[in-house]
Amino acid sequence: KEFLINEKFSVADVAVGSYLLFIPLFFNNFDVSRFPNVTKYMQRCVLRPSYRAVFPGAPKAAEYVKGQVAKIGQGPAKKQFGLL
């Protein structure tokens, strides 16, 4: 799925995407590439011009997601907090 509801960007994507895209602000060593579908979803959200226009952390989030997309399929990742 491209987005969460009816294959269209919606308020649900605003809510979920914003939470996911806070990861690089607080946990920049977290390897989300282990979750390829989530990583690609984050990329779709962060590439939206409206997201970049209103979120001050957009450049950092975009760089983080770009790096994570590049790591997809590159082997096992280190667990964060011993859980994920």
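Before any of the text, the structure's been laid out above.
This write-up is about the structure you can find in this document. These figures come from a predicted structure and were not determined experimentally.

**A few points about the overall build of the protein**
Within the protein one finds five helices and zero strands. Ordering the α and β elements of the protein from the N terminus gives α-α-α-α-α. Expressed as a percentage of the 84 residues in the protein, the buried residues total 29%. Across the protein, the fraction of contacts at a sequence separation of at least 24, relative to all contacts at a separation of at least 6, is 64%. As displayed, the protein offers around 5,700 Å² of accessible surface, 63% of which is attributable to carbon and sulfur atoms.

**What to know about the packing of helix α3 (residues 36-46) against helix α5 (residues 58-71)**
Between α3 and α5, whose axes approach to 9 Å, the crossing angle comes to 145°. Viewed along their axes, α3 and α5 form a crossing whose handedness is left-handed. Residues Thr39, Met42, Gln43 and Val46 of α3 pack against Ala58, Ala61, Ala62, Tyr64, Val65, Gln68 and Val69 of α5. When grouped by side-chain class, the residues that make up the contact of α3 with α5 number eight nonpolar, three polar and no charged.

**Remarks on the side chain of Thr39**
As for its placement among the helices and strands, Thr39 is situated in helix α3. Given the relative accessible area of 1%, Thr39 is considered buried. Ignoring anything within four residues of it in the chain, the contact list for Thr39 reads Val32, Ser33, Val65, Gln68, Val69 and Ile72.

**What to know about the packing of aromatic side chains**
Geometrically, a pair of aromatic rings is defined through the distance of the ring centres and the angle of the planes. Throughout the structure, instances matching the rule amount to four aromatic pairs. Their ring planes at 35° and their centres at 5.1 Å tell us that Tyr51 and Phe55 sit as a pair that is tilted. When sorted by exposure, Tyr51 lands in the same class as Phe55, which is buried. Joined through ring pairs, the aromatic side chains of Phe22, Phe26, Tyr51 and Phe55 make up one cluster. Residue placement shows Arg48 over the ring face of Phe9; its charged tip is 3.7 Å from the ring centre.

**Thoughts on a nonpolar patch on the surface**
Together, Phe22, Leu25, Phe26 and Phe27 give the surface a local cluster of nonpolar side chains, amounting to about 390 Å² of exposed area. Within the fold, Phe27 resides in the loop between α2 (23-26) and α3. Judged by its relative accessible area of 41%, Phe27 falls in the partly exposed class.

**Considerations on α3**
For an α-helix, the turn length of 3.6 residues means that residues three or four places apart are oriented alike. Listed in full, the buried residues belonging to α3 are Thr39, Tyr41, Met42, Cys45 and Val46. Seen from one end, α3 has its buried residues packed into an arc of 160°, which puts them on one side. The elements touched by buried residues of α3 are α1 (11-20), α4 (49-54) and α5.

Rules used in this analysis
- Residues numbered from 1 in each chain as written.
- Predicted model: local features only at pLDDT ≥ 70, side-chain atom pairs only at ≥ 80, totals over all residues.
- Heavy atoms only, no water.
- Helix = DSSP H or I, 4+ residues; strand = E, 2+ residues; numbered from the N terminus.
- Buried < 20%, exposed > 50% of the residue type's maximum accessible area, 1.4 Å probe, protein only.
- Contact = heavy atoms within 4.5 Å.
- Areas by Shrake-Rupley, 256 points an atom, 1.4 Å probe, with all protein chains shown as cover.
- Axes fitted to C-alpha atoms, helices over the stretch in contact; angles between N-to-C directions.
- Left-handed = near helix turned anticlockwise from the far one by under 90°.
- Nonpolar A, V, L, I, M, F, W, Y, C, P; charged D, E, K, R; others polar.
- Phe/Tyr/Trp six-rings, centres within 6.5 Å; stacked < 30°, edge-to-face > 60°.
- Lys NZ or Arg CZ within 6 Å of the ring centre and 35° of its normal.
- Patch = residues over 30% accessible without salt bridge, like charges linked within 9 Å, V, L, I, M, F, W, Y side chains within 5 Å.
- Salt bridge = Lys/Arg side-chain N within 4 Å of Asp/Glu carboxyl O.
- Arc of directions from axis to C-beta.

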